[in-house]
Amino acid sequence: MDTLSYLAQGFGVALTPYNLIAALCGTLIGTVVGLLPGLGPINGVALLIPIAFALGLPPESALILLSAVYLGCEYGGRISSILLNIPGEASTVMTTLDGYPMARQGMAGVALSLSAWSSFIGALIATCGMVLFAPLLAKWAIAFGPAEYFVLMVFAIVCLGGMAGNRPLKTFIAALIGLFLSNIGIDANSGVYRFTGDSVHLADGIQFVVLVLGLFSVSEILLLLEKTHQGQEAVKATGRMMFNLKEAASVFMVNIRCGLLGFIMGVLPGAGATLASAVAYMTEKRMAGKSGTFGQGDMRGLAAPETAIGASACGALVPMLTLGVPGSGTTAVMIGALSLYNITPGPMLFQQQPDIVWGLIASLFIANIMLVILNIPMIRVFTRILAVPNWALVPIIAIITGIGVYAVHATTFDLFMMVGIGIFGYILRKLDFPLSPILLGFILGGLMEQNLRRALSISNGALEILWSSPITLTVWVLTAIMLLLPVLRIWRGRSAKVVDALNDV
Amino acid sequence: MVLQRVFTGALLLVCIALAVMAWPYKASFSYEPVGPRAFPLLMLGLMGLSLLYQLFRPTPIVHSEEEPALDRETLIKIAACIGLLLVFAGLFEPLGFILSSILIGIPMARLYGGRWLASTVVVIIMSIALYLLFDKAMDVPLPLGVLDFVEN
């Protein structure tokens, strides 16, 4: 019952006019940012951090704004995948498979509203899950000491590699780069300047916003140079805009199943929306069997990934809020934002600042409803935005990125650093390194080092503390499984190839 | 594949250099068993090992279907774009936000295939609009640079 009264309190926070406007602005900005090529939720949230700070928003409003942007971005990404057949980001690839064929059959409006509806149900399921499980997890997490935290973070990092599939080693290297980068600057415990090269600007480390915008925006700007095609013709969204009851009912079971699946995948660190949508689509395709027309505009094929994405976006907030350990690039960015406000997410947050936590959870409900409602009148405007050509868009993205970086510290050193990081990020991308592990590593690095040092201070340098408690042991076992997973997959892939080769002969 | 090896090698060298740099980091007096250099060295060590493995057994790069191969022309464009961004960073404070963003925005729009007139109009309008939006409406201070006299 406690939970319900807290939730009511949360709605009290979220329903103040100020925060409602924040949520509305967030969803609108997010949708537009998600629509634009090269800007995803990570850039969207990162760009808004310095602005929210400069505006002097109180922490709960800022967090509501940022989460609304997050949800909006996920939503905006689907518009370009359905109407243009261009997935805005990796997670919406699955949406194009059935969304675009539906649009071609003159059902663009239905496809869009149905996807919004699916995502809404997914988010609703996940938010309910969050309301149920987050306080429990937080209560449990209070028992965590520094050693447990350290091991948990090792697990989060290893999970990234284990889940990433085809390139575990590269993912691991990327995460290590991020972990290392977080060491730059003055060491809080001893006052030693590390890797600053005597530069004043590096004394308090690399600014998070600079790293994010360099890695994601600048490298994306460079990548866009390679694509020669000009603003593509979008499928016109005409005819019926709303799905009808029969259509909603036909995908209802899909929504429920994929919502649960997406939530679980979202909570697991490293899995995230991309994997959730892929698994949801594949599962539904298999379950439908011969009766489905997956790939040719089956509504279930559209609903499945969308529900999963919506659910996992909310699910990813669970480890971030309860443990302070982000599970995805975007939640890593949100932790960065919170640290600007001197708020450390973690189990204590539920007790010390319930306003923030429950206000956020409540505003997720509200932002999701807003997205469904906005969809109907705004669709035409959004399709207009899709027609903006790259030559007009890219300079504006570049300039806004510059503003975002400059807003943090008002030094041009940061601008140069952003370009440098951007070039590095571009090279990494060309060589097929994933970028979000760098972010995750960067956020976790500081926490990891602090917890490791604290743990070893407690034990006076004896390493046993890292595996002496039952919690740490369990997490180590899980970590070992995660480490073995890619090895196993490679091995199985190899033996499958051998079988294929034998069959060929 | 060769490029990847070169990059991995370079990264490995950087790793070693940083480790050498980290070696003398010691707290002048310390009351905890782990000093400031242990964690960075651990990270660099793990990274070094992974890079070494990567150097000998590079993972093949999977290209997505619509990604064209890098040709000379694109490389020149990319270099030009980086140059423009650096100019932007350098002139941001001396010239001020509006002028520097117009200065780099127009050639950038051209790089992405815009026409002269359209690019010029769009970039000038957007630069001024963004200045007003961020500096005036959202309280993000942006430098005016040589346009300072407009304020007074």
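Computed from a predicted model, the values in this text were never measured in an experiment. (Residues numbered from 1 in each chain as written. Chains lettered and ligands numbered in written order. Predicted model: local features only at pLDDT ≥ 70, side-chain atom pairs only at ≥ 80, totals over all residues.)

1. What to know about the overall build of chain B
For step 1, the next point in the chain: Within chain B, the regular secondary structure consists of six helices and zero strands.
For step 2, the next point in the chain: Starting at the N terminus and walking to the C terminus, you meet the elements of chain B as α-α-α-α-α-α.
For step 3, the next point in the chain: Taken over the C-alpha trace, chain B has a radius of gyration of 24 Å; the compact-globule value for 152 residues is 15 Å, which it surpasses by more than 25%.
For step 4, the next point in the chain: Along the first, second and third principal axes, the C-alpha atoms of chain B reach 60 × 50 × 20 Å.
For step 5, the next point in the chain: Taking all 152 residues of chain B together, 28% fall into the buried category.
For step 6, the next point in the chain: Considering only contacts within chain B whose residues lie at least 6 apart along the sequence, 56% involve residues at least 24 apart. (Helix = DSSP H or I, 4+ residues; strand = E, 2+ residues; numbered from the N terminus. Rg over C-alpha atoms; globule rule 2.2 N^0.38 Å. Buried ≥ 20, exposed ≤ 12 C-beta atoms within 10 Å, placed from the backbone. Contact = placed C-beta atoms within 7 Å.)

2. Topic: the environment of Thr330(A)
Residue and element names in this part refer to chain A.
For step 1, the next point in the chain: Relative to the elements of secondary structure, threonine 330 occurs in helix 14 (residues 329-340).
For step 2, the next point in the chain: You can call threonine 330 buried: it has 29 C-beta atoms within 10 Å.
For step 3, the next point in the chain: With 133 residues separating them along the chain, threonine 330 and leucine 463 place their C-alpha atoms 33 Å apart.
For step 4, the next point in the chain: Those residues in contact with threonine 330, other than ones at most four positions away along the chain, are Pro41, Ile42, Val45 and Tyr70.

3. Brief notes about the interface of chain A and chain B
For step 1, the next point in the chain: In this complex, chain A contributes 56 residues to the contact, which on the side of chain B involves 58 residues.
For step 2, the next point in the chain: Of all elements in the fold, only helix 3 (41-54), helix 7 (168-181), helix 8 (208-224), helix 17 (390-409), helix 18 (412-430) and helix 19 (436-458) of chain A reach the threshold of two or more residues within the side of chain A that touches chain B.
For step 3, the next point in the chain: It is helix 17 of chain A that contributes the most residues to the side of chain A that touches chain B, 13 residues altogether.
For step 4, the next point in the chain: Considering only residue class, the side of chain A that touches chain B consists of 37 nonpolar, 11 polar and eight charged. (Nonpolar A, V, L, I, M, F, W, Y, C, P; charged D, E, K, R; others polar.)

4. As for the confidence of the model for chain A
It should be kept in mind that the predicted coordinates are not to be read in detail where pLDDT is low.
For step 1, the next point in the chain: Of all residues in chain A, 92% have pLDDT values of 70 or greater, and the mean over the chain is 81.
For step 2, the next point in the chain: Mean pLDDT across the secondary structure elements of chain A bottoms out at helix 20 (residues 470-504) of chain A, with 73, and peaks at helix 18 of chain A, with 91. (pLDDT = per-residue confidence, 0-100.)

5. A word on the nonpolar core
For step 1, the next point in the chain: Grouped together as the largest cluster of nonpolar side chains are 206 residues, with contacts concentrated most on Val45(A), Leu65(A), Leu66(A), Ala111(A), Met153(A), Val212(A) and Leu213(A).
For step 2, the next point in the chain: Ranked by the residues each element gives to this core, the list is headed by helix 5 (residues 93-141) of chain A, at 23 residues.
For step 3, the next point in the chain: Formed jointly, this core draws a minimum of three residues from each of two domains, domain 1 (2-56) and domain 2 (83-151) of chain B.
For step 4, the next point in the chain: Not counting the four nearest positions on each side in its chain, Leu213(A) is found in contact with Asn43(A), Ala46(A), Leu47(A), Val218(A), Thr401(A), Gly404(A), Val405(A) and Met418(A). (Core = buried A, V, L, I, M, F, W, Y, C linked by C-beta atoms within 7 Å. Domains from an automatic or database assignment.)

6. Here's the deal with unusual backbone geometry
Outside of glycine, negative phi angles account for most residues, and trans bonds account for most peptide bonds.
All names here are of chain A.
For step 1, the next point in the chain: A positive phi angle is found at phenylalanine 195, which is not glycine, with a value near 55°.
For step 2, the next point in the chain: Along the polypeptide, phenylalanine 195 turns up in the loop between strand 2 (193-194) and helix 8.
For step 3, the next point in the chain: A count of 18 C-beta atoms within 10 Å places phenylalanine 195 in the partly exposed class.
For step 4, the next point in the chain: The phi angle at aspartate 432 is positive, at roughly 70°, despite the residue not being glycine.
For step 5, the next point in the chain: Its place among the elements puts aspartate 432 in the loop between helix 18 and helix 19.

7. Some remarks on the domain arrangement of chain B
For step 1, the next point in the chain: Split into domains, chain B comes out as domain 1 (2-56) and domain 2 (83-151).
For step 2, the next point in the chain: Look at where the C-alpha atoms of domain 1 of chain B and domain 2 of chain B centre, and you get two points 40 Å apart.

8. With respect to helix 3 (residues 72-95) of chain B
Spacing of three or four residues puts side chains on the same side of an α-helix, whose turn is 3.6 residues.
Residue and element names in this part refer to chain B.
For step 1, the next point in the chain: Compared with the 34 Å implied by 1.5 Å per residue over 24 residues, the 33 Å span of helix 3 between its first and last C-alpha is a close match.
For step 2, the next point in the chain: For helix 3, the principal kink sits at alanine 89 and spans about 30°.
For step 3, the next point in the chain: Within helix 3, the full set of buried residues consists of Cys81, Leu84, Leu85, Phe88, Ala89, Phe92 and Leu95.
For step 4, the next point in the chain: A positive backbone phi angle near 95° is found at glycine 96, which sits one or two residues after helix 3. (Expected span 1.5 Å × (residues − 1). Bend = angle between axes of the 7 residues up to and from the residue.)

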